[in-house]
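# A look at the structure
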Amino acid sequence: MVYRSIGKSLPRVEGYGKVTGQTKYAADLPFEGLLWAKVLRSSVPHARIVNIDTSKAQALAGVHAVLTGADVKDIYVGTRVKDQPVLAYDKVRTCGDAIAAVAAESEPIADEAIGLIDVEYEELAYVDDPIEALKPTSPLIHEDRNKYKNAPKLPEGMSGHNLQSYVVWKNGDIEAGFQKAARIFEHTFRTPLSHHGYIEPCACTVHVRDDGSAEVWPSNKGPWGLRDQMAEDFGVPKEKIKVHIVHVGGDFGAKASLIDVPIAYHLSKATRRPVKLVFDYTDELLAGGHRHPAVLSLRTGVDQNGNFTAIKATIHFSGGAYGSQKANPQITVLGGRRLASMYRCPAIYVETFCAYTNHVPCTQTRTPGSPQVAFAFESQVEIIAKEMGIDALEFRRRNIIHDGDPSPMGEKWNHILMGEVLERVAKASGWKRGAKKNRGWGMALYERGTPEGKASSAITLEADGKVNILTGVPDVGPGYYTISQQMVCETLGLPPEKVVVTFKDTDSLPFDPGTGGSKQTNTSGHAVYKAAREVREKLINLAARELGCKPEEINQQGNKLTGPNKKSTTTENMIALAVKENGGPVFHLTMFEPKDMPKVTGFAAQVAEVEVDPTTGGVKVLNLTTAHDTGVVLNHLTLTGQIEGGVITGFGFALMEENPVIDGKITTLTLGEAKLPSIRDVPPLKTVLVESPTGPTPFGGKAIAENPNVPTAGAIANAIADACGVRLFELPLTAEKIYWAINGKK
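What counts and how
Note that residues are indexed from 1 along each chain, following the sequence as it is written. Since the coordinates come from a predicted model, pLDDT governs what is reported: local features require at least 70, and pairs of side-chain atoms require 80 or more to be given and counted, while whole-chain, interface and lining totals use all residues. Hydrogen atoms and water are omitted, and side-chain values are computed over all heavy atoms in the structure. The helix count covers DSSP runs of H or I at least four residues long, the strand count covers runs of E at least two residues long, and both are numbered beginning at the N terminus. Note on method: radius of gyration uses C-alpha positions; expected globular size equals 2.2 Å times residues raised to 0.38. The rule is simple: take the accessible area with a 1.4 Å probe, protein chains only, and divide by the maximum for that residue type; under 20% is buried, over 50% is exposed, in between is partly exposed. Whether two residues touch is decided by their heavy atoms; if any such pair falls within 4.5 Å, the residues are in contact. In this description, accessible areas are obtained by the Shrake-Rupley approach with a 1.4 Å probe, and a residue is regarded as covered only by the protein chains that are shown. Paired strands, as defined in this entry, are two strands with at least two bridges between them according to DSSP. Note on method: axes are straight lines fitted to C-alpha atoms, helices fitted across the in-contact stretch only, with angles between N-to-C directions ranging 0 to 180 degrees. By nonpolar core we mean a set of buried residues, namely Ala, Val, Leu, Ile, Met, Phe, Trp, Tyr and Cys, connected to one another through side-chain atoms within 4.5 Å. A helix is expected to span 1.5 Å multiplied by its residue count minus one. Relative orientations are named as follows: roughly parallel for angles under 35 degrees, roughly antiparallel for angles over 145 degrees, roughly perpendicular for angles from 65 to 115 degrees, and oblique for any other angle. The sense of a crossing depends on the near helix, which, turned anticlockwise from the far helix by less than a right angle, makes the crossing left-handed and, turned clockwise, makes it right-handed. Working definition: rings of Phe, Tyr and Trp (its six-membered ring) pair if their centres are within 6.5 Å, and the pair is stacked with planes under 30 degrees apart, edge-to-face with planes over 60 apart, and tilted otherwise. Two thresholds decide whether a charge sits over a ring: the Lys NZ or Arg CZ must be within 6 Å of the ring centre and within 35 degrees of the ring normal. N or O atoms within 3.5 Å of each other form a polar contact, as long as, within protein, one can give a hydrogen and the other can take it, and as long as residues adjacent in sequence are counted only when both atoms are side-chain atoms.

## Some words on the overall build of the chain
- Of the regular secondary structure elements, the chain holds 18 helices and 32 strands.
- For 746 residues, the compact-globule estimate of 2.2 N^0.38 gives 27 Å, and the C-alpha radius of gyration of the chain, at 27 Å, lies within 12% of that figure.
- Across its three principal axes, the chain shows a C-alpha extent of roughly 85 × 75 × 50 Å.
- The burial tally for the chain puts 61% of its 746 residues in the buried class.
- Sequence separation of 24 or more characterises 80% of the internal contacts of the chain that already satisfy a separation of 6 or more.
- About 28,600 Å² of surface is accessible on the chain, with carbon and sulfur atoms providing 49% of the total.

Structure (structure tokens):
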């Protein structure tokens, strides 16, 4: 179908403001009577707090409040499980735990006051490995996990020693599957602790007024969720909390939880003045969101032809000191449920342990758990293929699912395009053509659907003839505002300059689910599309009245509305008429709730071509080719931007990103030390789009944001093994590891 707006590479709605510096983020917003907050953080990973002396800080001129755990005792916060104190009271559980907070007239005064607080510790033994943490002899981090609200229940008889959560996903007869196997392969893989790498640090301003009402201006992607969390954790009716929607300077999963808001809230409550708290990057790396380190043990059976018969995975995630930042009810990392989901396998058993450990709390990170899981399983796929003497591409051809095949977990989808995606990536990459010494090829696959959910949106027909979209979606970077504009343009037949996008606060709309999980276009997008269609219906009714015909007789071509008598009018004329008859702007609110959504998913395949210097272990990624099952592409510019950004995220996860914990302390306290990819690191990227009108979003699109970053580490690891003959089982894939693996092999 030919569209006027959908599928076009329209520029970003918010782009001009960003590139000219006019866009305001949470840290930029001015407030009258503002106080600045700073936080004193623990310098040790695990200790009892013997004494805190704040007298010098309280006496400093310009200081308005100093809080310790004693002032907010028994107030625990969390997105689901409420296991994190606002300020540590009796003990600290990670290096970076918030111990005290100050509100002062200026940022320098607050900084000085923090330096005047003395803390006496009784240090305790610590543990930062998830497998060690679950042993009964390891230091106990939380004395009674079951006292926390929403703490996940454990199977009867299972020890809760340092265990945040335990989840099993299974399908089929696993023992029978292994009995049918001609060969069984067992391997263990590890992935590191790493930060999300967003450029804007966490920031917020909170103003608690004399009547107990509160306003919040946060760098947060889920305003309604934040409001509801605050109401629950602080005992305030949610009607008394207003969260303002603010541009977010990058997120990748971390900015859905409270993080910095509780401290700013309680400082404002103590002073009744607006309090701004802005993390620096040391705060971020000590207390901001991180990806879960993982230990993944795989046991996989195949028959004599290389077909999977059974897959068993035991995954240990290191959850950090608190589970408070996890959004799912199980308080776990969900990547395990998609292990091998694009392959046929009659039996699968995946158990996931998430452990309390003495390091920074971990949270959902772009496709939570899936990059770790895909690195491990896709590495093992090529190990098995090599051992069986089958080319890696051919091995996948034998095992991938097609229409009619269930996934290993028993899910059944329509329009399965894994085969086409696989063939397209192989062709576009030139799979293993022109092989040279020290060069290698690697491949990896992934599957992920498009989540659904309810949302609200509103459209206002303005007196100047423009259409105003009111959304509850914070801008975190993917380009949703542009997509929503295109939907309205397409539906009403208007040019982009006639359609504007605005956002306000949690009082302006009933609900929005927030950005995350690759669901925005399939939730909030459906809400705005529904609103646009309902507004179009009103305008067509007006046009029918003016043209002397029935509404169903009106033919719409772009903005032109034509009756059977060849008389016509325009959308713009009907907007002007609607506003005139209403005596002012026409406001139309819509709620969307999903039902009967198509049972489809999306597939991705990547191929990496690398060159390894055997004398140093240095790796150069020569090419990265990625193919995606996209549905209908709504905007080529935003879609390819998401793909390329995701691939670079996966590239960094594969080769360089790591926040090592030594002696219980994170050693990378700047983003420079944490080694994010820069533009000079990025290899040539080739993107292949496999389009089809099968997606669940308006106009048939599919999710894209969390697909491209997942297969990359597996593809690069496989290419390195192909190039130099050594297999690495731990990320990142550094030159040092490759060098010692080569020399160890020699």
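## Observations concerning the pairing of strand S1 (residues 35-41)
- Extensive coverage of S1 is indicated by the burial of 6 of its 7 residues.
- Bridge count between S1 and strand S15 (residues 275-278): 3 bridges; the pairing is parallel. The partner of Ala37 across the bridge, within S15, is Leu277.
- Note that S1 and strand S7 (residues 98-104) share 6 bridges and pair antiparallel. Looking at the pairing, Trp36 lines up with Ala104 of S7.

## A few points about the sheet that holds strand S19 (residues 348-355)
- Reading across from one edge, S9-S19-S18-S17-S10 is the order of the 5 strands in this open sheet, with mixed pairing throughout. The open sheet is flanked by strand S9 (163-171) and strand S10 (183-191), the only strands paired with a single partner. Averaged over all adjacent pairs, the angle separating strand axes in this sheet is 10 degrees, with direction ignored.
- In terms of strand pairing, strand S18 (residues 308-318) meets S19 through 8 bridges, oriented parallel. If you follow Ile315 over to S19, its bridge partner there is Thr352.
- Across the sheet, helix H9 (residues 370-388) is in contact with S10, strand S17 (294-302) and S18; its angle to S10 comes to roughly 145 degrees.

## Re the nonpolar core
- Ranked by internal contacts, the top residues of the largest apolar core, which has 87 residues, are Leu339, Met418 and Ile716.
- For this core, the element with the most residues is H9, which contributes 9 residues.
- Those residues in contact with Met418 that sit more than four places away from it in its chain are Met342, Ile400, Ile401, Leu445, Phe603, Ala604 and Ala605.
- In terms of nonpolar packing, the next biggest core, distinct from the first, is built from 40 residues, Tyr480, Val528, Cys549 and Val632 among them.

## A closer look at helix H12 (residues 480-492)
- Taking 1.5 Å as the rise per residue, H12 with 13 residues should run 18 Å; its terminal C-alpha atoms sit 18 Å apart, in good agreement.
- By the criterion of burial, H12 is predominantly enclosed, with 13 of the 13 residues buried.
- Where H12 terminates, the next one or two residues include Gly493, which has phi positive at roughly 75 degrees.

## Here we look at the packing of H12 against helix H13 (residues 520-547)
- Where H12 contacts H13, the two axes come as close as 9 Å, and the packing angle between them is 25 degrees. The pairing of H12 with H13 is recorded here as roughly parallel in orientation. As for the relative orientation of H12 and H13, their crossing is right-handed in sense. Only Gln520, Thr521, Ser524, Gly525, Val528, Tyr529, Ala532, Arg533, Val535, Arg536 and Leu539 of H13 make contact with H12, whose side of the interface consists of Tyr480, Ile483, Ser484, Met487, Val488, Thr491 and Leu492.

## Some details on the pairing of strand S20 (residues 439-448)
- Summarising burial for S20: 9 of the 10 residues are buried, a large majority.
- Pairing of S20 with strand S28 (residues 602-612) involves 10 bridges; the strand directions are antiparallel. Residue pairing in the sheet places Ala444 in a bridge with Gln606 of S28.

## A short note on the sheet that holds strand S6 (residues 91-92)
- Sheet architecture is open: 3 strands sit in the order S6-S2-S8, paired in antiparallel fashion. Looking at the sheet topology across the chains shown, the edges are occupied by S6 and strand S8 (118-123).
- Relative to S8, strand S2 (residues 47-53) is paired through 6 bridges, and the arrangement is antiparallel. The residue bridging Ala47 from the neighbouring strand is Glu123, located in S8.

## Side note on the packing of aromatic side chains
- One pass over the structure, following the stated rule, counts 16 aromatic pairs.
- Aromatic pair Tyr166 and Phe353: ring centres 4.8 Å apart, planes at 55 degrees, arrangement tilted. Residue Tyr166 is located in strand S9, and its partner Phe353 is located in strand S19; the two are separated by 187 residues in the primary sequence. Phe353 shares its class with Tyr166; the two are buried.
- On the numbers, 5.6 Å between centres and 20 degrees between planes, the contact of Tyr481 with Phe503 is stacked. With Tyr481 in helix H12 and Phe503 in strand S23 (residues 499-503), this residue pair connects regions lying 22 residues apart in the sequence.
- Judged by relative accessible area, Tyr481 falls into the buried class, the value being 4%.
- For Phe503, a relative accessible area of 24% corresponds to the partly exposed category.
- Taken together through their ring pairs, the aromatic side chains of Phe308, Tyr343, Phe377 and Phe395 make up a single cluster.
- Directly above the ring of Phe178 sits Arg299, whose terminal nitrogen or CZ lies 4.3 Å from the centroid.

## So, the side chain of Ser456
- Along the polypeptide, Ser456 turns up in strand S21 (residues 455-461).
- Within the structure, Ser456 has its side chain in polar contact with the backbone oxygen of Phe511 (distance 2.5 Å).
- Apart from the residues within four sequence positions on either side, Ser456 is in contact with Leu509, Pro510, Phe511, Asp512, Ala527, Thr590 and Met591.

## Let's talk about unusual backbone geometry
- With omega at -5 degrees, the peptide bond leading from Leu731 into Pro732 counts as cis.
- For Pro732, the position within the fold is in the loop between helix H17 (712-724) and helix H18 (735-745).
- A positive phi angle, near 70 degrees, is found at Asn150, a position not held by glycine.
- Relative to the helices and strands, Asn150 is located in the loop between helix H4 (130-133) and S9.
- The phi angle at Ile259 is positive, at roughly 45 degrees, despite the residue not being glycine.

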